[in-house]
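Next come the chains, spelled out residue by residue.
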Amino acid sequence: VDDKQYIPKVATTPFRSRVSFAGEKGWPVVTFFTGCMTNYVMTEIGDSLVKVLNALHIAVRVPSAQGCCGMPMLISGDREAVKKAARRNVEALEASNPNEPVLVVCPSGGHMLRHGYLELFADDASMRGRLESLASRTMDVTEFLVHRVGVERLEQLVGKGRARAVTYHDPCHLRKAQKVTQEPREILAVAARSEIKEMRHPEACCGMGGTYFLTHLDMSKKIQSRKIEDIMETCADCVATTCPGCIMQLRDGIRRSKDSGVAVKHVIQMLAEAF
């Protein structure tokens with residue numbers, strides 16, 4: 001943490017170094033694509049996903065050979081580095097059952113697995129089938145919980161308890177690139193045991209934008225300020241989202257605000273805590 005930007009500490013042990021498989025023999029299995037932030041920094045997001053799915057008697061496979069999705073390199077224009085990352089991830093994720101869902105907790109990673117790699121290898125017929133297969137089984141964790149598990153089952157596990165005043169921030173790569181908006185809200189409402197206090201502009205960017213917050217710090221802070229004002233107007237005690245990068249940016253903005261007690265968490269963390 002410094003005066004200009006909140007930067008979380010790197011985890012002592014990366015998530016993929018701790019977890020390769022979590023669950024019982026005979027349970028249905030999902031593959032978890034962790035993304036860099038969850039693997040190296042916010043490992044609690046990965047722990048929350050495991051807790052929720054194991055409570056549902058679903059096992060979690062975490063391929064150790066996976067790596068960065070390639071989005072940072074793509075933003076920098078290094079397409080060859082992205083292709084290298086893509087081939088590595090495709091091979092790592094193909095090692096599991098080809099019908100196994102691939103779950104993500106980072107919208108940038110989800111966008112790359114679903115769309116980015118297909119665009120990158122548009123002229124490579126040898127990769128097309130493999131990438132289409134991967135794209136078809138990639139899901140945001142909230143999509144999986146809503147469409148494969150069901151809200152009713154989650155409500156039973158959450159049970160009765162204190163309602164939380166929460167609002168939801170739409171990550172750009174989830175709402176605008178993947179068109180996923182309702183599922184995170186449904187999961188958050190279950191976790192909070194209450195209706196969501198919607199912002200005026202939940203779809204507005206937080207100002208993170210990958211490396212944008214570093215290369216255009218002043219403009220990033222202006223965008224961030226508008227988002228924080230929108231959050232505070234809801235009077236929520238927690239803002240939830242589905243993007244680790246957005247979490248970092250929102251925590252930075254809230255620590256500068258007059259009401260620095262508002263928590264910032266991933267939706268899957270909220271659900272794990274409610275369990």
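Scroll up to find the structure this text is about.
Residues numbered from 1 in each chain as written. Predicted model: local features only at pLDDT ≥ 70, side-chain atom pairs only at ≥ 80, totals over all residues. Heavy atoms only, no water.

## Quick look at the overall build of the chain
Within the chain, the regular secondary structure consists of 15 helices and 8 strands. By the compact-globule yardstick of 19 Å for 275 residues, the chain fits well, its C-alpha radius of gyration being 18 Å. Overall, the C-alpha framework of the chain stretches about 55 × 45 × 35 Å when taken along its three principal axes. Across the 275 residues in the chain, those meeting the buried criterion constitute 54%. Long-range pairs, those at least 24 residues apart, make up 80% of the contacts in the chain between residues at least 6 apart in sequence. Counting every atom, the chain has about 12600 Å² of accessible surface; 50% of that belongs to carbon and sulfur. Averaged over its 37 positive side-chain charges, the chain has a centre that lies 3 Å from the centre of its 32 negative ones. (Helix = DSSP H or I, 4+ residues; strand = E, 2+ residues; numbered from the N terminus. Rg over C-alpha atoms; globule rule 2.2 N^0.38 Å. Buried < 20%, exposed > 50% of the residue type's maximum accessible area, 1.4 Å probe, protein only. Contact = heavy atoms within 4.5 Å. Areas by Shrake-Rupley, 256 points an atom, 1.4 Å probe, with all protein chains shown as cover. Lys, Arg positive; Asp, Glu negative; His and termini not counted. Charge placed at Lys NZ, Arg CZ, Asp CG, Glu CD.)

## Here we look at unusual backbone geometry
One non-glycine residue, R193, lies in the positive phi region at around 60 degrees. When you line up the elements, R193 lands in the loop between α11 (182–192) and α12 (212–215). We note that C235 has phi near 60 degrees; this positive angle belongs to a residue other than glycine. One can find C235 in the loop between α13 (217–233) and β7 (238–241). On the basis of relative accessibility, which here comes to 62%, the residue C235 falls in the exposed class.

## Brief notes about the pairing of β7
Of the two faces of β7, the one holding C238 and A240 and the one holding V239 and T241 are both buried throughout. Across 3 bridges, the pairing between strand β6 (residues 166–168) and β7 is parallel. Bridge pairing links Y168 to A240 in β7. Note that β7 and strand β8 (residues 263–266) share 4 bridges and pair parallel. (Pairing = 2+ DSSP bridges.)

## Describing the pattern of salt bridges
Across all of its chains, the model carries 13 salt bridges by this definition. R185 serves as the salt-bridge partner of E198, at 2.7 Å between the closest nitrogen and oxygen. Taken together, the positions of E198 in the loop between α11 and α12 and R185 in helix α11 put the pair 13 residues apart, joining distant regions of the chain. For R185, a relative accessible area of 10% translates into the label buried. Close ionic contact of E273 with K265 constitutes a salt bridge, the shortest N to O distance being 2.8 Å. Among the charged side chains, a network of salt bridges with common partners joins D170, R175, R185 and E198. (Salt bridge = Lys/Arg side-chain N within 4 Å of Asp/Glu carboxyl O.)

## What to know about the nonpolar core
Counting 62 residues, the largest nonpolar core has L49, L53, F144, L145 and L271 as the members making the most contacts within it. Considering each element in turn, this core owes the most residues, 6 residues, to helix α15 (residues 267–274). When residues no more than four places from it in sequence are discounted, the contact partners of L271 are V52, L145, L154, V158, I187, V190 and A191. (Core = buried A, V, L, I, M, F, W, Y, C linked by side-chain atoms within 4.5 Å.)

## Thoughts on the packing of helix α5 (residues 79–94) against helix α6 (residues 107–120)
In contact at an axis separation of 11 Å, α5 and α6 are set at 125 degrees when each is read in the N-to-C sense. Considering their axes alone, α5 and α6 lie oblique with respect to each other. Of the two elements, α5 crosses α6, and the hand of that crossing is left-handed. Between α5, through R79, V82, K83, A85, A86, N89, V90 and L93, and α6, the contact on the second element is made entirely by M112, L113, Y117 and L120. Of the residues that constitute the contact of α5 with α6, the class distribution is 9 nonpolar, 1 polar and 2 charged. (Axes fitted to C-alpha atoms, helices over the stretch in contact; angles between N-to-C directions. Parallel < 35°, antiparallel > 145°, perpendicular 65-115°, else oblique. Left-handed = near helix turned anticlockwise from the far one by under 90°. Nonpolar A, V, L, I, M, F, W, Y, C, P; charged D, E, K, R; others polar.)

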